[in-house]
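# A look at the structure
Letter by letter, the chains look like this.
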Amino acid sequence: MAHEVGLEQALRIAAQVERFVRTEIIPYERDERWGAHGPSTGLVEEMRSRARTAGVLTPHILSDGSHLTHRGTARVLQAAGLSPLGPVAVNVAAPDEGNMFLLGRIATAEQKERFLRPLVDGRARSAFFMTEPATEGGAGSDPSMLKTVARRDGADWIVSGRKAFITGADGARVGIIMARTDAHATLFLVELPNSAIRIERVLDTIDGSMPGGHAVVVIDELRVAASQILGAPGEGFKYAQVRLAPARLTHCMRWLGACRRAQEIATAYAVRREAFGKLLIDHEGVGFMLADNQIELQQAELMIDWCAGVLDSGAPGTLQSSMTKVAVSEALFRIADRCVQILGGTGVTRDTVVEQVFREVRAFRIYDGPSEVHRWSLAKSIKRAALKPGES
Ligand SMILES: Cc1cc2nc3c(=O)[nH]c(=O)nc-3n(C[C@H](O)[C@H](O)[C@H](O)COP(=O)(O)OP(=O)(O)OC[C@H]3O[C@@H](n4cnc5c(N)ncnc54)[C@H](O)[C@@H]3O)c2cc1C
């Protein structure tokens, strides 16, 4: 029963967020301050100030500090995702949302005050530093290839290495850095900017909704106090998993919202535009694309809800979130692609947000685990379950 009350509250918040995104944020999609590396700091601050006034800033964390259930969060984040700018505007975007979740779970009271509070208040952004340049053989799909190292120096630690694809590093005020400590990995919390952390370049990528873009970063003899270790030393890989299962799922939630919007735009076009003497939707080729989209949107929503329920039960949900991430990211790509196709030439222009959504969901098949890595771990678990004890 308590769960149902929580869901009702989440549905009310989702309705508020949807109204806000549709009326106040969608108009910003034409704002010149939204560039190739995401919305500018000024634009983010302006949108967040509106969200604060409307009472929808950080809507998944309640005023008493409690977090909506994962199932409730799904409703709210889908509403935020109706515009690619919506999640940033209401402060449920990646990587901040996942970082807030992790800090809420693992950080000490003192660390929460220093690093989590500014994020929940929507006054700071954060970055998660795990991936390293492929050209140097660093961590990518395989985090155990981590090359960034941390060594003890008295009561402090000294961290050195290079990181790549660090979303939002440019402009972030809070960083969570993964570094190798002996055979294990440890997470370090840092305030940014820091003179020992240099942004080498911001990559030009296919997507463009995340503030600060994705950066290559040099960490050069960064001194961190032991009190800034997140959780226990050597437990970094474990905490990354705590963050990753729900973070994968929240990407699914936000991009599901974006694809619903793409479907609305494609539908509006197909029910008005004529070719060969009839409306596009009355041509079976177009009608069936819209129908397939509707089926896959529904499947995606159900799968997210199922996985969110698993996480709400307290289970880690590692395999379930892998399955959901593969199924949803690949379905959303097909949906966005069909929407582009239905819109004809207009589909590949920036006259609608559909081409942006298409580019965003393409990148989503790679980050937070490429599809192949998830399929590979599923195959390993299928093998383990199928073999009898003693067989290998
Ligand atoms: C837009 C974007 C934002 C990102 N943001 C962040 C961030 O904020 N912080 C961060 O730390 N990282 C971030 N990343 C990095 C992301 O997590 C990595 O790109 C991802 O883990 C893959 O690593 P890689 O790029 O090194 O690819 P590689 O590890 O080189 O893999 C390349 C390809 O090999 C295949 N492959 C790999 N392993 C297997 C396997 N076991 N079986 C079959 N095929 C396999 C897959 O097809 C994969 O796509 C981001 C990436 C992108 C694109």
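In what follows, the structure referred to is the one given above.
This structure is a prediction, so every number in the text was calculated from the model and none was measured.

Packing of helix H9 (residues 318-342) against helix H10 (residues 354-364) brings their axes to within 9 Å, and their N-to-C directions diverge by 155 degrees. By the angle between their directions, the pair H9 and H10 is classed as roughly antiparallel. In the packing of H9 onto H10, the handedness of the crossing is left-handed. Mapping the contact onto sequence places Lys325, Ser329, Leu332, Phe333, Ala336, Asp337, Cys339 and Val340 in H9 and Val354, Val357, Phe358, Val361, Arg362 and Phe364 in H10. The residue makeup of the contact of H9 with H10, split by class, is 10 nonpolar, 1 polar and 3 charged.

What the largest pocket holds in volume is close to 1300 Å³. Lining of the largest pocket is provided by 48 residues; of these, Thr131, Ile366, Tyr367, Asp368 and Gly369 occupy positions nearest its centre. Listed by contribution, the elements that provide at least two residues to the lining of the largest pocket are helix H5 (96-106), strand S5 (156-167), helix H7 (236-270), H9, H10 and helix H11 (371-386). No other element matches H7, which puts 7 residues into the lining of the largest pocket. Its residues assigned to classes, the lining of the largest pocket comprises 22 nonpolar, 15 polar and 11 charged.

Turning to the site of the ligand, a few remarks are in order. Inspection of the region around the ligand gives 16 residues, with Thr131, Ser141, Phe165, Thr167 and Glu372 positioned closest. One nitrogen or oxygen atom from the main chain of Met130 is found 2.9 Å from an oxygen atom belonging to the ligand. In this structure, a nitrogen atom belonging to the ligand sits 2.6 Å away from a side-chain N or O atom of Thr131. For the ligand, the cavity whose grid points lie within 2 Å of the majority of its atoms is the largest pocket. Among the elements of the structure, S5 and H11 are those that each provide at least two residues to the shell around the ligand. Counted by class, the shell around the ligand contains 9 nonpolar, 5 polar and 2 charged residues.

Here the structure, examined in full by the defined rule, presents 4 cavities of 30 Å³ or more. There is about 110 Å³ of room inside the largest cavity. Along its surface, the largest cavity is lined by 14 residues, and Pro84, Pro87, Ser209, Arg254 and Trp255 are the ones closest to its centre. Those elements that provide at least two residues to the lining of the largest cavity are helix H4 (86-90) and H7. If one sorts the elements of the lining of the largest cavity by residue count, H7 sits on top with 3 residues. Each residue belonging to the lining of the largest cavity can be placed in one class, and the counts come to 9 nonpolar, 4 polar and 1 charged.

Criteria and thresholds
Residues numbered from 1 in each chain as written. Predicted model: local features only at pLDDT ≥ 70, side-chain atom pairs only at ≥ 80, totals over all residues. Heavy atoms only, no water. Axes fitted to C-alpha atoms, helices over the stretch in contact; angles between N-to-C directions. Helix = DSSP H or I, 4+ residues; strand = E, 2+ residues; numbered from the N terminus. Parallel < 35°, antiparallel > 145°, perpendicular 65-115°, else oblique. Left-handed = near helix turned anticlockwise from the far one by under 90°. Contact = heavy atoms within 4.5 Å. Nonpolar A, V, L, I, M, F, W, Y, C, P; charged D, E, K, R; others polar. 1 Å grid on protein atoms, 1.4 Å probe; cavity = no way out; pocket = protein on both sides within 12 Å on 5 of 7 lines; lining within 4 Å. Points joined across faces, edges and corners; volume = space filled by probe spheres on them. Near = heavy atom within 4 Å. Polar contact = N/O pair within 3.5 Å; in protein donor to acceptor, adjacent residues only side chain to side chain. Sits in = over half its atoms within 2 Å of the grid points.

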